[in-house]
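These are the residues of each chain, in order.
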Amino acid sequence: MSVEILDGETIRSFVEDEQAFNISVESRFASLDTDNNGRLSYIEMMKELLSLRVIETHFGVDNIGLSHEELVQVYGSLFSRFDHNGDGTVDLEEFRAEMKEMMLAVANGLGFLPVQMLVEEGSFLKRAIERERAMKLTA
Ligand SMILES: [Ca+2]
Ligand SMILES: [Ca+2]
C-alpha cells in the first residue's frame, strides 16, 4: 500500500489507452485467478473489490461502519455486476467490461480535484499512476 495523489484524468487516460489497459486487465485477472481455472470466483474477486475501495467511492460510507452482513450484501451485489451472465464466476471479458465501467465511474467521482488515496500495489489505480508517471518521464 502507498498513499498516492490522483485525479479523474489519470484514470481516464489509462482506461482509454486500450493497449495499456488490456495488458493490465489480463495480468490483474491472472494474478487474482489463484486456482488458474480462467474464471474468478467470488472469493478471488474480493481482493480486487477491496483494492478499488468501491465502498467509499460509490456508497460514500466508510466500511468500518458497516456490519458484516451489510458488507456481504454490498460485495455480493458488486460481484453480480461483474458476473453478467450470472453463472457465478467472472470471466476475462466480464472482468474487462466491468473494470472499465468502474474505473470510469471512479474517475468521474474524482473529477478534476486531485485527492490522496491509499493505493494497493498492483491494483488498477496504482497502474494508472505508474503509467502517468512514465509518460511524464518520457515527455
Ligand atoms: Ca479461479
Ligand atoms: Ca459469468
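Residues numbered from 1 in each chain as written. Chains lettered and ligands numbered in written order. Predicted model: local features only at pLDDT ≥ 70, side-chain atom pairs only at ≥ 80, totals over all residues. Heavy atoms only, no water.

(A) The coordination of the calcium ion (ligand 1), seen in detail. Around the calcium ion (ligand 1), the protein contributes the donor atoms Asp-33 (OD), Asp-35 (OD), Asn-37 (OD1), Arg-39 (O), Glu-44 (OE) and Glu-44 (OE), which lie 2.2 to 2.6 Å from the metal centre. One way to put it: the six donor atoms around the calcium ion (ligand 1) meet at angles of 52 to 155°, and that makes the site irregular. (Donors = N, O, S within 2.8 Å, 3.2 Å for Na, K, Ca; no water. Tetrahedral: all angles 85-135°; square planar, octahedral: opposite > 155°, others 65-115°.)

(B) Up close: the packing of helix 5 (residues 68–82) against helix 6 (residues 92–110). Contact geometry of helix 5 with helix 6 gives a least axis separation of 8 Å together with a crossing angle of 115°. Residue-level contacts link Leu-78, Arg-81 and Phe-82 of helix 5 to Glu-94, Phe-95, Glu-98, Met-99 and Met-102 of helix 6. Residue composition of the contact of helix 5 with helix 6, grouped by class: five nonpolar, no polar and three charged. (Axes fitted to C-alpha atoms, helices over the stretch in contact; angles between N-to-C directions. Helix = DSSP H or I, 4+ residues; strand = E, 2+ residues; numbered from the N terminus. Contact = heavy atoms within 4.5 Å. Nonpolar A, V, L, I, M, F, W, Y, C, P; charged D, E, K, R; others polar.)

(C) View of the packing of aromatic side chains. What the rule picks out here adds up to six aromatic pairs. Relative to Phe-79, the ring of Tyr-42 lies with its centre 5.4 Å away and its plane at 90°, an arrangement referred to as edge-to-face. Here Tyr-42, found in helix 3 (residues 42–51), pairs with Phe-79, found in helix 5; they are 37 residues apart in sequence, far enough to count as distant. Taken together, the aromatic side chains of Phe-14, Phe-21, Phe-29, Phe-82, Phe-95 and Phe-124 make up a single cluster linked through ring pairs. (Phe/Tyr/Trp six-rings, centres within 6.5 Å; stacked < 30°, edge-to-face > 60°.)

(D) Structural context of the coordination of the calcium ion (ligand 2). Protein coordination at the calcium ion (ligand 2) comes from Asp-83 (OD), Asn-85 (OD1), Asp-87 (OD), Thr-89 (O), Glu-94 (OE) and Glu-94 (OE), with a distance range of 2.3 to 2.6 Å. Coordination at the calcium ion (ligand 2) is irregular, judged from the six donor atoms that bind it and the angles of 52 to 154° they form at the metal.

(E) Up close: a nonpolar patch on the surface. Taken together, the side chains of Met-1, Val-3 and Leu-118 make up a nonpolar region of the molecular surface, amounting to roughly 310 Å² of accessible area. Topologically, Val-3 is positioned in strand 1 (residues 2–6). (Patch = residues over 30% accessible without salt bridge, like charges linked within 9 Å, V, L, I, M, F, W, Y side chains within 5 Å. Areas by Shrake-Rupley, 256 points an atom, 1.4 Å probe, with all protein chains shown as cover. Salt bridge = Lys/Arg side-chain N within 4 Å of Asp/Glu carboxyl O.)

(F) Local environment of the pattern of salt bridges. Summed over the entire model, instances satisfying the criterion amount to 10 salt bridges. Glu-26 serves as the salt-bridge partner of Arg-96, at 3.7 Å between the closest nitrogen and oxygen. Linking Arg-96 in helix 6 with Glu-26 in helix 2 (residues 18–32), this pair joins segments that are 70 residues apart in sequence. Classification of Arg-96 as buried rests on a relative accessible area of 18%. By relative accessible area, Glu-26 is classed as partly exposed at 39%. Ionic contacts of the salt-bridge type, sharing partners, join the residues Glu-4, Glu-121, Lys-126 and Arg-133 into one network. (Buried < 20%, exposed > 50% of the residue type's maximum accessible area, 1.4 Å probe, protein only.)

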